[in-house]
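One-letter residues, chain by chain:
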Amino acid sequence: MKKMLAVILGLMLILLSATGCARPDPTYVTPEDFDIEFYPMSEDGKVFAAGLTAIQIVINTPNVEMGTGELAIYKASNDERIAVYDARMDTDYIYINSGTNPAYAQLIIFLPEDQVFEAGESYYVTVDEKFFYVDDIKDFIGGIEKGEWEFTIGNYGYDGNIKELPSTYLVGDVIEIPVSVADNAKLAVINYDNVSVVKADQRALFENGTFKLEAISEGTTAISIMFLDENGMHIETLGFTVTVK
């Protein structure tokens, strides 16, 4: 779980920065200015790249505590419940980053180890009314029902279960990253921030394929896969970190 924590957090941060997800203005809240944002939220037909393995909730205060009850994630096509979390029992899947600079609580809810959001599927989230408690307003955030928090995964992105991708390699290994290029994503481009650790001969894919990187020396590098539309405009970015030993 700790290994996946680092991978997923990195992924979520890149997704958030790439998509411009709105965050509430950090402030000491009153009941009148309390604000909460859910990510991902499909609006105007937006879909997200396959490879997403967590959801995020941002509240404009750091003073958030786990309450009681359940948060559940469902597949929209058949109402199949793919994950359910008890606020008091399943803390291994709930990461709370509360701080005062900036003053908001970032809550990331991970899927179980064997689950990923499937390409082409839509999902929705429900939350019991006492799942999150906000000290500033001396109350719970209230319940979230079917239809309020929904999102759709596109047919492009990581082609497989990203949780099965190793995060550690040896010098000489080949790092293989399978991707799908579909829907409005017409091009996938791979980048990495440490050229002394890995190298790739092929940096772009115009159709389904596999990026292959050679691990050339010890170290750590962040890898990102950027998806572009037919006009070369950015759609989504997936990212993670690998270590070579």
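Each remark here, short or long, concerns the structure printed above.
Our subject in this report is the structure included herewith. (Residues numbered from 1 in each chain as written. Predicted model: local features only at pLDDT ≥ 70, side-chain atom pairs only at ≥ 80, totals over all residues. Heavy atoms only, no water.)

### Quick look at the overall build of the protein chain
And then number 1: When helices and strands are tallied, the protein chain shows 1 helix and 20 strands.
And then number 2: Summing over all exposed atoms, the protein chain offers an accessible surface of approximately 11600 Å²; the carbon and sulfur share of this is 45%. (Helix = DSSP H or I, 4+ residues; strand = E, 2+ residues; numbered from the N terminus. Areas by Shrake-Rupley, 256 points an atom, 1.4 Å probe, with all protein chains shown as cover.)

### Let's talk about the nonpolar core
And then number 1: Ile55, Leu71, Ile73, Tyr85, Phe117, Val125 and Phe151 are the most contacted members of the largest nonpolar core, which has 38 residues in total.
And then number 2: If one sorts the elements of this core by residue count, strand β8 (residues 105-110) sits on top with 5 residues.
And then number 3: Beyond its immediate sequence surroundings of up to four residues, tyrosine 85 is in contact with Gly69, Glu70, Leu71, Ile73, Asp90, Tyr93, Ile94, Ile109, Phe110, Leu111, Pro112 and Phe131.
And then number 4: Counting 29 residues, the second-largest nonpolar core is a separate cluster that includes Ile175, Ile190, Ile223 and Ile235. (Core = buried A, V, L, I, M, F, W, Y, C linked by side-chain atoms within 4.5 Å. Buried < 20%, exposed > 50% of the residue type's maximum accessible area, 1.4 Å probe, protein only. Contact = heavy atoms within 4.5 Å.)

### Structural notes on the pattern of salt bridges
And then number 1: One pass over the full model with this rule turns up 6 salt bridges.
And then number 2: Among the salt bridges present, the one from lysine 146 reaches aspartate 79, with a minimum N-O distance of 3.0 Å. You can see lysine 146 sitting in strand β12 (residues 144-158) and its partner aspartate 79 sitting in the loop between β5 (70-75) and β6 (80-86), a full 67 residues away along the chain.
And then number 3: Given a relative accessible area of 36%, aspartate 79 falls into the partly exposed group.
And then number 4: Members of the salt-bridge network, linked through shared partners, are Lys75, Glu80 and Glu118. (Salt bridge = Lys/Arg side-chain N within 4 Å of Asp/Glu carboxyl O.)

### Details of the sheet that holds strand β1 (residues 36-39)
And then number 1: With antiparallel pairing, 4 strands are arranged side by side in an open sheet as β1-β3-β8-β7. This sheet does not close on itself; its edge strands, each paired only once, are β1 and β7 (94-98). Sheet twist, expressed as the mean angle between neighbouring strand axes with direction ignored, is 15°.
And then number 2: The sheet contact formed by strand β3 (residues 54-59) and β8 spans 6 bridges and is antiparallel. Looking at β8, one finds that valine 58 is bridged to glutamine 106. (Pairing = 2+ DSSP bridges. Axes fitted to C-alpha atoms, helices over the stretch in contact; angles between N-to-C directions.)

### Let's talk about the sheet that holds strand β4 (residues 64-66)
And then number 1: A sheet is described by the order of its strands in space; here 3 strands give the open sequence β4-β10-β11, paired in antiparallel fashion. The strands lining the two open edges of the sheet, one partner per strand, are β4 and β11 (139-140).
And then number 2: Pairing analysis gives 2 bridges linking strand β10 (residues 132-134) to β11, with the strands arranged antiparallel. Following the sheet pairing, tyrosine 133 is matched in β11 by phenylalanine 140.

### Digging into unusual backbone geometry
And then number 1: Put simply, tyrosine 39 and proline 40 share a cis peptide bond, and its omega is 5°.
And then number 2: Secondary-structure assignment places proline 40 in the loop between β1 and β2 (48-50).
And then number 3: The backbone of aspartate 44 sits at a positive phi, close to 55°, despite the residue not being glycine.
And then number 4: The topology assignment puts aspartate 44 in the loop between β1 and β2.
And then number 5: Residue classification places aspartate 44 among the exposed residues on the basis of a relative accessible area of 85%.
And then number 6: Positive phi is not limited to glycine here, since lysine 138 has a value of about 55°.
And then number 7: Among the secondary structure elements, lysine 138 is positioned in the loop between β10 and β11.
And then number 8: By relative accessible area, lysine 138 is classed as exposed at 56%.

### Description of the pairing of β5
And then number 1: Burial runs high along β5: 5 of the 6 residues are buried.
And then number 2: Bridge count for β5 against β6 is 6 bridges, and the pairing is antiparallel. Opposite isoleucine 73, over in β6, you have alanine 83 as the bridge partner.
And then number 3: Counted between consecutive antiparallel strands, the loop separating β5 from β6 contains 4 residues, among which aspartate 79 sits at a positive phi close to 60°.
And then number 4: Where β5 meets strand β9 (residues 122-127), 5 bridges bridge the pair, whose relative direction is antiparallel. Among the inter-strand pairings, tyrosine 74 is bridged to a residue of β9, identified as tyrosine 124.

### Observations concerning the pairing of β8
And then number 1: Across the 6 residues that make up β8, a large majority, 6, are buried.
And then number 2: Here β8 shows a buried face lined by Ala105, Leu107 and Ile109 and a second buried face lined by Gln106, Ile108 and Phe110.
And then number 3: Taken together, the 5 bridges between β7 and β8 define a ladder with antiparallel strand orientation. Residue pairing for β8: isoleucine 94 is matched across the bridge by isoleucine 109.

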